[in-house]
Amino acid sequence: MEKLEQLYEGKAKKVFATENPELLIVSYKDDATAFNGLKKGTISGKGVINNRMSNFLMGKLLEPKGVATHFVEELNDRETVVKKVQIVPLEVIIRNISAGSFAKRYGVEEGIVFDEPTIEFSYKNDDLGDPLLNTYHALALKLATKEEIETIQTMAFQVNEALKAYFKTLGIDLVDFKLEFGRLSDGTIVLADEISPDTCRLWDDKTHEKLDKDRFRRDLGGVEDAYQEVMRRLMGE
């Protein structure tokens, strides 16, 4: 599979065309951003970890459980072949434990374990600051159909159950995480984007040490070490 012209460069990834119009190559960067791009930096080795972790979780954990994803093949440490999708402009946030913006928004402390996971949607639009919206707003803005939203919601909870159980075996609590979904050319909804310490809040289940991008957001230090620790537990490295 050969990289052709670059189609897109985002905060964390570059996307390239291939000779197959249905397949793309994603290349993961070490660039780090927070607060909608206001804070910028570099996390050494992050691209490798996020690429390999996403591929492992999508290809080895979720696909066998019946969750359709965009993953096709890992080319090397930083590059992966994925199915070309039209991204549904909804960021899907699943929360198992109170933290981050949820705790701030509702005036509760971090660390409250919910009886049931929560789900929220935000409009994937950097210019607007990714505002929260509900399904009625999404329908009004024609971001997705009712059926697509129901499919996305079902898949998101399915992903949560699989990831939460798996991370627990590694001594990690899956606090919350963000997912993105896309449409294949035939309209099928698949899980896209990535699953990594960039998109998940991961706490050590004994010490509650943060093993994710919050270390970068909050200037806690040890960012690279935290990412590598997740990778070590996940891949035995």
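For the structure itself, look to the data block above.
Quick notes on the rules
- Residues numbered from 1 in each chain as written.
- Predicted model: local features only at pLDDT ≥ 70, side-chain atom pairs only at ≥ 80, totals over all residues.
- Heavy atoms only, no water.
- Helix = DSSP H or I, 4+ residues; strand = E, 2+ residues; numbered from the N terminus.
- Buried < 20%, exposed > 50% of the residue type's maximum accessible area, 1.4 Å probe, protein only.
- Contact = heavy atoms within 4.5 Å.
- Areas by Shrake-Rupley, 256 points an atom, 1.4 Å probe, with all protein chains shown as cover.
- Lys, Arg positive; Asp, Glu negative; His and termini not counted.
- Charge placed at Lys NZ, Arg CZ, Asp CG, Glu CD.
- Patch = residues over 30% accessible without salt bridge, like charges linked within 9 Å, V, L, I, M, F, W, Y side chains within 5 Å.
- Salt bridge = Lys/Arg side-chain N within 4 Å of Asp/Glu carboxyl O.
- Axes fitted to C-alpha atoms, helices over the stretch in contact; angles between N-to-C directions.
- Parallel < 35°, antiparallel > 145°, perpendicular 65-115°, else oblique.
- Nonpolar A, V, L, I, M, F, W, Y, C, P; charged D, E, K, R; others polar.

Visitor: Before we go on, may I ask you to explain the overall build of the chain in this structure?
Guide: Broken down by element type, the chain carries 6 helices and 14 strands. Buried residues in the chain amount to 50% of all 237 residues. In the chain, of all internal contacts separated by at least 6 residues, the share reaching a separation of at least 24 is 56%. Summed over its atoms, the accessible surface of the chain is roughly 11400 Å², and 51% of this surface lies on carbon and sulfur atoms. Side-chain charges in the chain split into 33 positive and 42 negative, and the spacing between the mean points of these groups amounts to 3 Å.

Visitor: What exactly am I supposed to notice about a nonpolar patch on the surface here?
Guide: On the surface, a cluster of nonpolar side chains totalling about 260 Å² of accessible area is made up of Y106, V108 and I112. Inspection of the secondary structure assignment puts Y106 in helix α2 (residues 100-106).

Visitor: Explanation requested: the packing of helix α1 (residues 46-62) against helix α4 (residues 146-169) in the structure shown.
Guide: Packed helix pairs are specified by the crossing angle of their axes together with the interaxial distance, meaning the distance between the axes. Viewed as axis vectors pointing N to C, α1 and α4 meet at an angle of 110 degrees, and their least axial separation amounts to 12 Å. Overall, the two elements α1 and α4 adopt an arrangement that is roughly perpendicular. Within the contact between the two elements, α1 uses M53, F56, L57, L61 and L62 and α4 uses V159, A162, L163, Y166 and F167. Of the residues contributing to the contact of α1 with α4, the split by class is 10 nonpolar, no polar and no charged.

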